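Survey of secondary and tertiary structure
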Amino acid sequence: MADKTIGVILNGATGRMGYRQHLCRSILPIIEQGGVELSDGSHVQLDPILAGRHESKLKEASEKHGGLKYTTDLDSVLADPAYPLYADFLVTSARPDAIKKAIAAGKDIYTEKPIAETYEDARELVQLAEAQGVKTGVVHDKLFLPGLLKLRRLINSGFFGRILSVHGEFGYWVFEGDWRQSQRPSWNYKKELGGGIISDMFPHWNYVIEGLFGHIKSVYAQAKTEIPERWDEQGNKYEATAEDAAYAIFELDNGITVQMNSSWNTRVYRNELLEFQIDGTHGSAVVGLFGAEIQVRDVTPKAFWNPDVPDPHDYMAGWQEINTDETFENGFKVQWEEFIRSLAEGTDYPYDFASGARGVRLAELGYESASQGAKVLVPDGRY
């Protein structure tokens, strides 16, 4: 196969995620390395064009990176056959309409998640894309991070024996914004603007759990607005109408129990902002975004419960860090390369719109469970 070039529309590339993770840390490095290498040794190079509403921001990004092409006329570039791939980094509320235009134009699509605010809209995008025959991909970045890549190897090697349970802790303290500026945008705490930690994080937990542990059979969730008042970017006090913490138990169809705590109101006492502990019959692991430590059953200490005397055992000393001489690349870039390779070679891509729709569905079921105070079953099926 001869080398070729694919034109790609980067819609929303001047936003926070679109600019930093996708343009600067994925697209431009792929171009600089000579494109994406295919299985036959040939390469696919990318020819990007930046799209957005604000010409001044597009021009600034273009000039900063050597004169990239840009446009504020999305309809025009969608009609251009030189750009068969559309990538979407817009805010979630604007995403479905833009993606529908791209589908109608026959573009293949790669998008940030969640793919829509509602499961109904997500299902519609799946069906429209399948009817049009376009290839789709959704960002599943955490599966491509060093820690979770190490975890996948442990699972595939049979290290754990039979996995019993997974306990996940995610979050950090987000300042309220009064005496110290908040490090998250205020809309995250406004339900009417699409905020909420369930809608933000449950799509992540869905693809992480599906990709590593199994199909989710049920969810039991509690949603809490633990800090009811915050201050916005202009210093104005406002009522937080979206949940800022969620505590969930996911039951998998293979018997594994996954517990996930997600909070923007927790002070970190762990190695990383996201950590999983996986316990199995033959061994356990504690895995973050980058690090991974293991303990096998042969060196598992024999613990005794005695509240009357201090425990002399140093439990942390019994864990071994997984060291590797590998160099792990940016997870967003690696997934871009996988999608481009799948697109060029015509192979099935597992992280498609259907996968993205299941993430939106899990968020909706999480809200349903929280409102009912009951466990909710997750339907079978692709989406």
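Residues numbered from 1 in each chain as written. Predicted model: local features only at pLDDT ≥ 70, side-chain atom pairs only at ≥ 80, totals over all residues. Heavy atoms only, no water.

With respect to helix α2 (residues 55–64)
Worth spelling out the cut-off: Burial classes follow relative accessibility: with a 1.4 Å probe on protein chains only, a residue under 20% of its type's maximum area counts as buried, one over 50% as exposed, and anything between as partly exposed. Numbering of helices and strands runs from the N terminus; a helix is a DSSP stretch of H or I covering at least four residues, while a strand is a stretch of E covering at least two. The arc in question is traced by the directions running from the helix axis to the C-beta atoms. Any two residues whose heavy atoms approach within 4.5 Å are treated as being in contact.
Turning to α2, its buried residues number three or more, namely L58, A61 and S62. For α2, the buried positions fall inside an angular range of 100° around the axis, keeping them on one side. Residues of α2 that are exposed and angled more than 90 degrees away from the buried face: S56, E60, E63 and K64. Where α2 is buried, its residues contact α1 (16–32), β3 (43–51) and β4 (69–71).

Some words on the packing of aromatic side chains
Applied cut-off: Here is the rule: rings of Phe, Tyr and Trp (six-membered ring for Trp) pair when centre to centre is within 6.5 Å. Planes less than 30 degrees apart are stacked, more than 60 are edge-to-face, and the remainder are tilted. Two conditions define a charge sitting above a ring: the NZ of Lys or the CZ of Arg must be within 6 Å of the ring centre, and it must be within 35 degrees of the ring normal.
Throughout the structure, instances matching the rule amount to 12 aromatic pairs. Relative to W264, the ring of Y189 lies with its centre 5.3 Å away and its plane at 70°, an arrangement referred to as edge-to-face. One end of the pair, Y189, is in the loop between β8 (163–171) and α7 (197–212); the other, W264, is in the loop between β13 (257–263) and β14 (274–280), and 75 residues separate them in sequence. Here Y349 and Y351 contribute two aromatic rings whose centre-to-centre distance is 5.7 Å and whose plane-to-plane angle is 90°, an arrangement assigned as edge-to-face. Given a relative accessible area of 7%, Y349 falls into the buried group. Residue classification places Y351 among the buried positions, given a relative accessible area of 15%. Connected via pairs of aromatic rings, a cluster forms that spans Y110, F144, W336, F339, Y349 and Y351. If you follow K190 out to its NZ or CZ, it ends over the ring of Y238, 4.7 Å from the centre. One Lys or Arg, R230, reaches over the ring of Y189 and ends 4.1 Å from the middle of that ring.

Structural notes on the layout of surface pockets
To be explicit about the condition: Of the grid points, spaced at 1 Å and generated over the protein atoms alone, those admitting a 1.4 Å probe that cannot get out make up cavities, while open sets with protein on both sides within 12 Å along at least five of seven lines make up pockets; any residue with an atom within 4 Å of a point is treated as lining. Grid points are joined across faces, edges and corners, and a volume is the space filled by probe spheres set on the points. Ten residues, namely Ala, Val, Leu, Ile, Met, Phe, Trp, Tyr, Cys and Pro, are considered nonpolar, four, namely Asp, Glu, Lys and Arg, are considered charged, and the remaining ones, Gly among them, are considered polar.
Estimates place the volume of the second largest pocket at around 350 Å³. Together, 13 residues line the second largest pocket, and R270, E275, Q277, V286 and M316 are the ones closest to its centre. When residues of the lining of the second largest pocket are traced back to their parent elements, those giving at least two are β8 and β14. Residue composition of the lining of the second largest pocket, grouped by class: 5 nonpolar, 4 polar and 4 charged.

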